[in-house]
Amino acid sequence: MEKKFKRTTVTSALPYANGPVHIGHLAGVYVPADIYVRYLRLKKEDVVFIGGSDEHGVPITIRAKKEGITPQDVVDRYHTLIKQSFEEFGISFDVYSRTTSKTHHDTASEFFRKLYDKGEFIEKTSMQYYDEEAKTFLADRYITGECPHCHAEGAYGDQCEKCGTSLSPTDLINPKSAISGSQPVMRETKHWYLPLDKHEAWLRQWILDDHKEWRPNVYGQCKSWLDMGLQPRAVSRDLDWGIPVPVEGAEGKVLYVWFDAPIGYISNTKELLPDSWEKWWKDPETRLVHFIGKDNIVFHCIVFPAMLKAEGSYILPDNVPSNEFLNLEGDKISTSRNWAVWLHEYLADFPGKQDVLRYVLTANAPETKDNDFTWKDFQARNNNELVAVYGNFVNRALQLTKKYFDGTVPAAGELTDYDKETLKEFADVKAEVEKLLDVFKFRDAQKEAMNLARIGNKYLADTEPWKLAKTDMSRVATILNISLQLVANLAIAFEPFLPFSSEKLRKMLNMDSFDWAELGHTDLLPAGHQLAAPELLFEKIEDDVIQAQVDKLLATKKANEAAGYKAECRCGDGNGGTAVKAHLFQERTKGGGCGMAANHRNRTGRQSHVRTESEQGRQADAQDILDDDEYRRDDSHFKHHDAAAADQTQTGRIADAGKKKHHTDILHDRVLFIGPDALRIQQAVQGSKQDAADDRGGDAVCPESGNFHTQKNTGIIHHHGRSQCLI
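Note that the structure is a prediction, hence the values are computed from the model and not measured.

Each helix and strand in the chain was counted, giving 24 helices and 19 strands. For the chain, restricting intrachain contacts to residue pairs at least 6 apart in sequence, the fraction spanning at least 24 positions comes to 77%. On the chain, roughly 26600 Å² of surface is accessible, and the fraction owed to carbon and sulfur atoms is 49%.

Pasting the structure below:
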């Protein structure tokens, strides 16, 4: 039997305050979370919606240095922009705070200290390259030098872009810092780790046995991680921007952003409810739900729960509805390439059309697989669905009532069999919509709401009251009464999805609000009720408006090509998963390939451009990588790994990925992938490598380095670019 809760705490992934919010974030996290919270509020359930900005980590310090400002200046700028954009778009947070607040600093420090005092961490000491000029430890990607294999200059500390060989920073000849250009030195550093392996047994029981109802992509990815075996994860790093590690002798070290950020949910709740926050996080009768993108599954299903369990007094998430990724015009969204539709720009370009984007993103929600946003589809859904179906029905019902009854709701007379059939059709809508929303199927729930408008349009078209007005006004009154009851139901049904339009419709109906419990009722508007003047609920979007947006993207594409970016190869599976392996295998073993192999090798989670050979170019490129946000990753091996995880859910296949020892004693950080993605990527790489090896007929993943080796050990196949050696 499903457990009944007294209240619900809803969180949404904290956007990284290093750039604006784009439609990928909205579709993946914030629109579905907002729909769910609005639905619970309409049902008069006790719920809080927690949001905020994630404001620590290396990318922020790099951007600050690049712009000649402070990290605080960077996060202040983007926190303000993000918060204002969310408010204007109607994301109805109860609180939207930030991880640079004093409340958060105190909460995160106390959380760490409690785990430290309980002996929940392990300490490790390792040697790592240090930039004496920049006064910072260097992640592998920020060390360049001569490749020991092909002797190309500009090889990175994790891979040579020229020959594709994976490297360790100590392999490089004449290593240099990509930040200052100086020669780094080796220094000893100590860090604290959360031993996830210690928590593996109860996590397996809790997820795989107790939460089989989770979405297949979530369940499958968790199973994949657990089957590969969990490893200790660093919770501190050498940096001067962040929350200082509250331990004696930890000067110059801060809490790792992945550890610090999820605690932001708790600290932001404290800000909202300083006297009662604990019941929202510690009462077993509270339901905790995390809305996230798929790149954050492991952090919210495995890592954060392990943290909460180790602390001892917190509840664990009951569900983690994660979406897949949204692409843009057939290509992956990339902030570093400016290939995105930015929320603040949309709000400026389409004033008053928040609900159009909300509707389109929900209709195309990537709930079970990656989906695509195109401007033509945006226009079609607005013109053919919102305008021609929903808006058309509302306008006809209100205009006819104004014409024949001076805007007063007429009384219904005797009902025909067709009237009764129509009323029966929408009487069950409440149960249908609730059934879908309760299991986080927002796309289908919105479709069910739109079906009400289709029923209404068909009813008016079939009954033709404008013709009957010449001979039977009593019948016209009945038809319009039924039509207006349907319109009133639409205002309720669409409230969670299209809040601005529902408010506008309620004003036209001259009703302040409706109770969700009344959805499906056929007497919402009493006879004699005076309606307000009708207006168009939605407006047609013309071709020139859409063309302007398409032209903007075309200009972006041309600029990227001029800067050396290359289009992503779409052959193979259409998503780059098997294509990456095919191209690189063909290039390395046959000397051929489709010409995209080098591009695959060069791809990061955010870009696929040709690396410049000058030191200046490499430094600029390294900084450009960090301009991306922390909640979107474009590596095709994500897709492959997630497919493998989903396959495990269906067949129970266990990926036999070798445990990588390479770099295990080096700080668990690759500047490219700091924050909430690093841990997921590090194991995703392992899984996808072995899958690729299996696909090629028995090639093995080296358990020491994690690289591909052919059966004859004649070479290495390296298909995943910069995400090499993440642990």
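Moving on, we come to unusual backbone geometry. Comment: phi is negative for the bulk of residues other than glycine, and the bulk of peptide bonds are trans. At lysine 44, a position not held by glycine, the phi torsion is positive, near 60 degrees. You can see lysine 44 is positioned in the loop between α1 (23-42) and β2 (46-53). With a phi close to 60 degrees, asparagine 510 is a non-glycine residue in the positive phi region. Along the polypeptide, asparagine 510 turns up in the loop between α18 (499-508) and α19 (543-562).

Our focus in this paragraph is the packing of aromatic side chains. This model, assessed by the stated rule, comprises 40 aromatic pairs. Considering the side-chain rings of phenylalanine 373 and phenylalanine 378, the 6.1 Å spacing of their centres and the 50 degrees angle between planes classify their relative orientation as tilted. The class for phenylalanine 378 is buried, based on a relative accessible area of 0%. The residue whose ring lies beneath lysine 309 is tryptophan 202, and the NZ or CZ to ring-centre distance is 4.9 Å.

Another aspect to go through is helix α15 (residues 442-463). Taking 1.5 Å per residue as the helical rise, α15 with its 22 residues ought to reach 32 Å, and the 32 Å between its terminal C-alpha atoms agrees with that figure. Glutamate 464, located one to two residues past α15, shows a positive phi value of around 45 degrees.

This part covers the pairing of strand β4 (residues 122-131). As paired strands, β4 and strand β9 (residues 185-194) are joined by nine bridges and run antiparallel to one another. Directly across from glutamine 128, in β9, lies its bridge partner arginine 187. Note: β4 against strand β5 (residues 136-137), two bridges, orientation antiparallel. Looking across to β5, one finds that aspartate 131 is bridged to threonine 136. A loop of four residues connects β4 with β5, the two strands running antiparallel in sequence, and lysine 135 in this loop sits at a positive phi of about 55 degrees.

This brings us to the sheet that holds strand β7 (residues 155-156). On the basis of which strands lie adjacent, the open sheet formed by three strands has the order β7-β6-β8 and antiparallel pairing. In this open sheet, the two edge strands, each paired with only one partner strand, are β7 and β8 (173-177). Judged from the three bridges that link them, strand β6 (residues 143-146) and β8 form a sheet pairing that is antiparallel. Opposite threonine 144, over in β8, you have lysine 176 as the bridge partner.

A separate point is the nonpolar core. Ranked by internal contacts, the top residues of the largest apolar core, which has 154 residues, are Ile23, Leu26, Phe86, Phe259, Phe373, Phe378 and Tyr390. It is α1 that contributes the most residues to this core, 13 residues altogether. Excluding its chain neighbours within four sequence positions, the residues that come into contact with phenylalanine 86 are Pro15, Val21, Leu26, Tyr30, Ile91, Phe93, Tyr96 and Leu343.

Taken together, the side chains of Glu2, Asp209, Asp210 and Glu213 define an acidic patch exposed on the protein surface. With relative accessibility at 41%, the residue aspartate 210 sits in the partly exposed group.

A few words now on the sheet that holds strand β3 (residues 95-98). The sheet built from five strands is open, its strands ordered β3-β2-β1-β13-β14 with parallel pairing. At either margin of the open sheet sits one strand with a lone partner, and together these are β3 and β14 (322-323). In terms of strand pairing, β2 meets β3 through four bridges, oriented parallel. Across the sheet, residue glycine 51 finds its bridge partner in β3, namely tyrosine 96.

A few words now on the confidence of the model for the chain. Of all residues in the chain, 77% have pLDDT values of 70 or greater, and the mean over the chain is 81. Taken together, the stretch residues 566-727 has pLDDT below 50 and engages in 440 contacts with residues farther than four places along the chain or on a different chain.

The next subject is α19. Its 20 residues give α19 an end-to-end C-alpha distance of 28 Å, which sits within 8% of 28 Å, the value for a rise of 1.5 Å per residue. Along α19, the residues classified as buried are Ile546, Gln549, Leu553, Thr556 and Asn560. Down the axis, α19 shows its buried residues gathered within 80 degrees of arc, on one side only. Residues of α19 that are exposed and point over 90 degrees away from its buried face: Asp543, Asp544, Lys558, Glu561 and Ala562. As for α19, its buried residues are in contact with β15 (326-328), α10 (343-349) and α12 (375-405).

Between helix α13 (residues 417-427) and α15, whose axes approach to 10 Å, the crossing angle comes to 170 degrees. When the axis of α13 is compared with that of α15, the two are roughly antiparallel. Between α13 and α15, the residues in contact are Tyr418, Asp419, Thr422, Glu425 and Phe426 and Leu452, Ile455, Lys458, Tyr459, Asp462 and Thr463, respectively. Tallied by class, the residues present in the contact of α13 with α15 amount to five nonpolar, two polar and four charged.

Take the side chain of aspartate 131 next. Checked against the element boundaries, aspartate 131 lands in strand β4. Buried and unpaired, aspartate 131 has no salt bridge, with lysine 65 as the nearest side chain of opposite charge at 7.2 Å. Setting aside chain neighbours within four positions, we find aspartate 131 in contact with Thr136, Leu138, Ser177, Ile179, Ser180 and Ser182.

Here the focus is the pattern of salt bridges. Scanning the entire structure with this criterion turns up 40 salt bridges. The salt bridge partner of aspartate 94 is arginine 41, with a shortest N-O separation of 3.3 Å. Here arginine 41 lies in helix α1 and aspartate 94 lies in the loop between α3 (71-89) and β3, a separation of 53 residues in the sequence. Residue classification places aspartate 94 among the partly exposed residues on the basis of a relative accessible area of 32%. Among the salt bridges present, the one from lysine 190 reaches glutamate 123, with a minimum N-O distance of 3.8 Å. Taken as a pair, lysine 190 in strand β9 and glutamate 123 in strand β4 lie far apart in primary sequence, 67 residues in all. When its relative accessible area of 44% is taken as the criterion, glutamate 123 is described as partly exposed.

Close contact between helix α11 (residues 354-363) and α18 brings their axes to 7 Å; oriented N to C, the two are set at 125 degrees. As far as their axial angle goes, α18 and α11 are oblique. Contact residues: Gln354, Asp355 and Arg358 in α11; Pro499, Phe500 and Ser501 in α18.

Let us now look at the state of the cysteines. Going through the model one piece at a time under the given rule, you end up with zero disulfides. Here cysteine 163 stays unpaired: no disulfide links it, and the sulfur of cysteine 160, its closest cysteine neighbor, is 3.7 Å away. No disulfide involves cysteine 301; its sulfur sits 3.9 Å from the nearest other cysteine sulfur, which is in cysteine 222.

Thresholds, definitions, all that
Residues numbered from 1 in each chain as written. Predicted model: local features only at pLDDT ≥ 70, side-chain atom pairs only at ≥ 80, totals over all residues. Heavy atoms only, no water. Helix = DSSP H or I, 4+ residues; strand = E, 2+ residues; numbered from the N terminus. Contact = heavy atoms within 4.5 Å. Areas by Shrake-Rupley, 256 points an atom, 1.4 Å probe, with all protein chains shown as cover. Phe/Tyr/Trp six-rings, centres within 6.5 Å; stacked < 30°, edge-to-face > 60°. Buried < 20%, exposed > 50% of the residue type's maximum accessible area, 1.4 Å probe, protein only. Lys NZ or Arg CZ within 6 Å of the ring centre and 35° of its normal. Expected span 1.5 Å × (residues − 1). Pairing = 2+ DSSP bridges. Core = buried A, V, L, I, M, F, W, Y, C linked by side-chain atoms within 4.5 Å. Patch = residues over 30% accessible without salt bridge, like charges linked within 9 Å, V, L, I, M, F, W, Y side chains within 5 Å. Salt bridge = Lys/Arg side-chain N within 4 Å of Asp/Glu carboxyl O. Lys, Arg positive; Asp, Glu negative; His and termini not counted. Charge placed at Lys NZ, Arg CZ, Asp CG, Glu CD. pLDDT = per-residue confidence, 0-100. Arc of directions from axis to C-beta. Axes fitted to C-alpha atoms, helices over the stretch in contact; angles between N-to-C directions. Parallel < 35°, antiparallel > 145°, perpendicular 65-115°, else oblique. Nonpolar A, V, L, I, M, F, W, Y, C, P; charged D, E, K, R; others polar. Disulfide = S-S within 2.5 Å.

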